[in-house]
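So you can see what is in the structure, the chains are spelled out below.
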Amino acid sequence: MYKEFGISEKIINLSEEIEKDIEPVFKKINKICEYNSLKVLKAFQKNNISDMHFNQTTGYGYGDVGRDTCEKVFADILKAEDALVRGQFISGTHALTVALFAFLRPGDTMLSITGKPYDTLDEVIGITENPSSLKSFGVKFEKIDLIDNDFDYEQIAERLKQSKVKLIEIQRSKGYSTRKSIKIEDVEKVIKHIRKYDKDVIIMIDNCYCEFVSEKEPLEVGADVIVGSLIKNLGGGIAPNGAYIAGKKELVKLAAERLTVPGEGKEVGPSLGITKSILQGIFMAPSVVASSLKTAVFASRMLEKLGYDVEPKYDEERADIVQNINFNDENKLIKYCQGIQMGSPIDSNSIPEPWDMPGYNDKVIMAAGAFTQGSSIELSCDGPIRAPYTAFMQGGLTYEYGKLGVLKAVQNMM
Ligand SMILES: *Cc1c(COP(=O)(O)O)cnc(C)c1O
């Protein structure tokens, strides 16, 4: 069958070799998947999820038992006091924006300790001028860069001793940078360090792409609030849109009152029939994240064998589902992404091209032949058109489809 997809004998043979190399890694992924699945099922049973929770509300959305119970399920899984899980969030960026505007006031300082945050936050923070940015409201932004892929512990201590910081942001996934993503153990270590100098600075984690990659989530290691997208890991490829904010009760309340209305908060917001999909999504998420990880591991070994610089390596411990491949060649990056599109179930005849996308500084090419527009828990691959021409590949609802996508991309690139 692979030949019918235009995959050459040579690449098929290579993929068979690779699957032997990566078997031990798959075993570890399966173990984590098993653990997280039990965690999810336990939360469903504890909250007595029933048919009635799939009902929808419209209009104001008062008394939406399904929505409220779904939020309890998320809170239990993430070990949060409370959670806000809503389709009214347009994206992960929107949820991060709501959280930042909810927690910060004029004169406050926000400090990122993982360098410059994700590109789409530039205009939110005011790194790129925008009349609606946090900066325009008098919120200050500072950052401390990572050194050798680790936190700059000294600088963090120095800064916290100097004057009050309101909020520290830790972005675990690498975004469009070539640094490593941040493992849960490292989140734990830096939070302990921060707490030596400041007991109550709000520690907020951008958890995009990291959920269910390991057995623990950031709230279990001392973070105050975490934010992520439902068209990434926790949506399991089924949630049609939305995002979540989970953590301390008072912070979730502030976020809810910013998303909706002061005084109304979590009480309003019609679910419009998506609760069942959100629940089904998180139910599938441990397995879908495992498939994404396997696809990434396969790609990592394949491209490494073909002589490309990959990060992480196939047998490295992972913190997120993202696989970097440095092509050092604009054309190869474009061809690889186009090949991913060709291997997709949706829009496989479209050819993605680099484009000036809103929110991004360089031209970006994005391959996403996805059921849900822009969903990157589905096999997707994107890259800013700048040296070292790195592809950021992630997702794969099943390993089998993910593998075919990678083979098609490699074939097209070669
Ligand atoms: C994807 C992502 C975001 C933004 O999420 P969208 O849903 O694309 O707006 C923010 N931070 C990180 C690290 C991400 O990977």
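Just so you know, these numbers come straight off a predicted model, no measurement behind them. (Residues numbered from 1 in each chain as written. Predicted model: local features only at pLDDT ≥ 70, side-chain atom pairs only at ≥ 80, totals over all residues. Heavy atoms only, no water.)

### Comments concerning the domain arrangement of the protein chain
- Assigned domains of the protein chain: these are domain 1 (3-38 + 282-413) and domain 2 (56-271).
- Here the C-alpha centre of domain 2 lies 26 Å away from the C-alpha centre of domain 1.
- Contacts between the two partners involve 41 residues from domain 1 and, on the opposite side, 36 residues from domain 2.
- The junction of domain 1 with domain 2 conceals about 3,200 Å² of combined surface from both sides, 57% of it contributed by carbon and sulfur atoms.
- Together, Ile282, Ala319 and Tyr360 form the three largest contributors to the area buried by domain 1 at its contact with domain 2, with a combined 20%. (Domains from an automatic or database assignment. Contact = heavy atoms within 4.5 Å. Buried area = accessible area lost by both parts, 1.4 Å probe.)

### What about the nonpolar core?
- Ranked by size, the top nonpolar core spans 100 residues in total, and within it Phe74, Leu303 and Tyr336 carry the most contacts.
- If you tally residues by element for this core, the top one is helix α9 (residues 275-305), at 13 residues.
- Three or more residues apiece are contributed to this core by two domains, here domain 1 (3-38 + 282-413) and domain 2 (56-271).
- Beyond its immediate sequence surroundings of up to four residues, Phe74 is in contact with Ala83, Val85, Leu230, Leu234, Ile278 and Ile282.
- Ala99, Phe103, Val225 and Ala243 belong to the second-largest nonpolar core, a separate cluster that totals 28 residues. (Core = buried A, V, L, I, M, F, W, Y, C linked by side-chain atoms within 4.5 Å. Buried < 20%, exposed > 50% of the residue type's maximum accessible area, 1.4 Å probe, protein only. Helix = DSSP H or I, 4+ residues; strand = E, 2+ residues; numbered from the N terminus.)

### Some thoughts on the sheet that holds strand β6 (residues 225-229)
- One open sheet accounts for seven strands, arranged β1-β7-β6-β5-β4-β2-β3; its pairing is mixed. Single-partner strands in this sheet number two, and they are β1 (82-86) and β3 (140-143). Between one strand axis and the next, the sheet turns through 20° on average, direction left out of account.
- Judged from the three bridges that link them, strand β5 (residues 202-206) and β6 form a sheet pairing that is parallel. Among the inter-strand pairings, Asp206 is bridged to a residue of β6, identified as Val227.
- Sheet strands in contact with helix α3 (residues 65-78) are β1, β6 and β7 (243-247), and its direction is about 125° off that of β1.
- This element, helix α8 (residues 249-259), spans β1, β5, β6 and β7 of the sheet and lies at about 25° to β1. (Pairing = 2+ DSSP bridges. Axes fitted to C-alpha atoms, helices over the stretch in contact; angles between N-to-C directions.)

### Let's talk about the packing of aromatic side chains
- The full count for this structure, using the stated rule, is eleven aromatic pairs.
- Here the aromatic rings of Phe101 and Phe137 are separated by 5.8 Å at their centres, their planes lie at 85°, and the arrangement is edge-to-face. Residue Phe101 is located in helix α4 (residues 92-103), and its partner Phe137 is located in the loop between α5 (122-125) and β3; the two are separated by 36 residues in the primary sequence.
- Residues Phe298 and Tyr399 carry aromatic rings whose centres are separated by 6.1 Å and whose planes lie at 80° to one another, so their mutual orientation is edge-to-face. (Phe/Tyr/Trp six-rings, centres within 6.5 Å; stacked < 30°, edge-to-face > 60°.)

### Regarding the environment of Ile7
- For Ile7, the position within the fold is in the segment before α1 (9-21).
- Along the primary structure Ile7 and Leu404 are separated by 397 residues, whereas in three dimensions their C-alpha atoms are 9.1 Å apart.

### So, the pairing of β1
- For β1, a buried count of five out of five residues is recorded, marking the element as mostly surrounded by other parts of the structure.
- Across the two faces of β1 the burial is the same, with Asp82, Leu84 and Arg86 and Ala83 and Val85 all buried.
- Alignment of β1 against β7, held across five bridges, turns out to be antiparallel. Paired with Leu84 across the two strands is Ile245, which belongs to β7.

### Observations regarding the site of the ligand
- In the neighbourhood of the ligand, the contacting residues comprise Ser91, Gly92, Thr93, Leu96, Tyr118, Gln171, Ser173, Asp206, Cys208, Tyr209, Ser229 and Lys232.
- The side chain of Ser91 places a nitrogen or oxygen atom 3.3 Å from an oxygen atom of the ligand.
- Gly92 has a polar backbone atom sitting 2.7 Å from an oxygen atom of the ligand.
- For the ligand, the protein covers 91% of the area, taking 380 Å² as the surface of the free molecule.
- Ranked by residue count, the leading element in the shell around the ligand is α4, at three residues.
- Class assignment of the residues belonging to the shell around the ligand gives a composition of four nonpolar, six polar and two charged. (Near = heavy atom within 4 Å. Polar contact = N/O pair within 3.5 Å; in protein donor to acceptor, adjacent residues only side chain to side chain. Areas by Shrake-Rupley, 256 points an atom, 1.4 Å probe, with all protein chains shown as cover. Nonpolar A, V, L, I, M, F, W, Y, C, P; charged D, E, K, R; others polar.)

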